[in-house]
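Residues per chain, in single letters:
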Amino acid sequence: MFSSSLRAVSGRRLPSRLVALYVGLWLYGASMSLMIAGGLGVNPWDVFHQGIESHVSLSFGTITAITGVAVLLMWIPLRQRPGLGTVSNVVVIAVAVDATSALLPHLDGLLIRSLAMVSGIVVNAFATALYIGAGMGPGPRDGLMTGLVARTGWSIRLTRTGIELTVVLTGWLLGGTLGVGTVLYALGVGPLVQLFMTHLPALRNTSTVGPVTEIIEPASSATVFDGTPSAREESSTGT
């Protein structure tokens, strides 16, 4: 399952890429916890996860993992192939978000909650740059998007926006937190990821997925829900 991911990086600093992958995924989960703790809105997929959480007796991380597996099953008719980074995404982020949430205290006051929200967005962007730069396979949600693009011929912008509008609306109707953090995430995370991948030499040197402009494609100005960043993989197998 993971041979293509490992071949893509064999002989090209595999240990450092594995570190980038797993540190990035752990920080991604931690960033989700920061935004949840802030209580001012979370990213679009986490609005969906929160909505489900309000109706079941499962941890947020468990719900995230179950959703990831469900999305992976949707890859089958799209003929997508997971990489090491894909499966690691499901497991590591789920563990990280629960572990970090258990350590974070309850946050009171608008200032500290706002700092948690902004920190979460910045850390999320840095984490995304790390695991995309590792080049070991997209996350389940990103692979769903690129799979649909490959099979339907729709644009990345249209497909991504459609998926994330669907999940954020569904999550909000289920009781998820839709707020200013959701909007700031949508507007800010893409440019921040591009900034990190453009100006940090370590990330620029590990990227295997082409120019930064191909890795992150912002949503149209007509929508603010731009959700989780995505990578356009070289082999069209899937941020």
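Scroll up to find the structure.
No experiment lies behind these values; they were computed from the predicted model shown.

Peer 1: Would you take a moment to explain the packing of aromatic side chains for this structure?
Peer 2: A ring pair, where both rings are aromatic, is described by two values, the distance of the centres and the angle of the planes. All told, the structure shown has three aromatic pairs when counted by the stated rule. Judged by centre distance (5.9 Å) and plane angle (70 degrees), the rings of Tyr 28 and Tyr 131 are edge-to-face. Taken as a pair, Tyr 28 in helix H2 (residues 14-38) and Tyr 131 in helix H7 (residues 110-134) lie far apart in primary sequence, 103 residues in all. Residues Tyr 28 and Tyr 131 agree in their burial class; the two are buried.

Peer 1: Looking at this structure, how should I read the packing of helix H4 (residues 60-73) against helix H8 (residues 140-152)?
Peer 2: The relative placement of two packed helices comes down to the angle between their axes together with the axis-to-axis distance. Between H4 and H8, the shortest axis-to-axis distance is 9 Å and the interhelical angle comes to 25 degrees. Our classification of the angle between H4 and H8 gives roughly parallel. When you trace H4 past H8, the crossing you get is left-handed. Taking contact as the criterion, the partners of Thr 64, Thr 67, Gly 68, Val 71 and Leu 72 in H4 are, on H8, Pro 140, Arg 141 and Leu 144. Its residues assigned to classes, the contact of H4 with H8 shows four nonpolar, three polar and one charged.

Peer 1: Please clarify how helix H6 (residues 84-103) should be interpreted in this entry.
Peer 2: Taking 1.5 Å as the rise per residue, H6 with 20 residues should run 28 Å; its terminal C-alpha atoms sit 28 Å apart, in good agreement. Maximal helix bending in H6 amounts to about 25 degrees, located at Val 90. When H6 is considered as a whole, its buried residues turn out to be Leu 84, Gly 85, Thr 86, Ser 88, Asn 89, Val 90, Val 92, Ile 93, Ala 94, Ala 96, Val 97 and Thr 100.

Scoring rules and cut-offs
- Residues numbered from 1 in each chain as written.
- Predicted model: local features only at pLDDT ≥ 70, side-chain atom pairs only at ≥ 80, totals over all residues.
- Heavy atoms only, no water.
- Phe/Tyr/Trp six-rings, centres within 6.5 Å; stacked < 30°, edge-to-face > 60°.
- Helix = DSSP H or I, 4+ residues; strand = E, 2+ residues; numbered from the N terminus.
- Buried < 20%, exposed > 50% of the residue type's maximum accessible area, 1.4 Å probe, protein only.
- Axes fitted to C-alpha atoms, helices over the stretch in contact; angles between N-to-C directions.
- Parallel < 35°, antiparallel > 145°, perpendicular 65-115°, else oblique.
- Left-handed = near helix turned anticlockwise from the far one by under 90°.
- Contact = heavy atoms within 4.5 Å.
- Nonpolar A, V, L, I, M, F, W, Y, C, P; charged D, E, K, R; others polar.
- Expected span 1.5 Å × (residues − 1).
- Bend = angle between axes of the 7 residues up to and from the residue.

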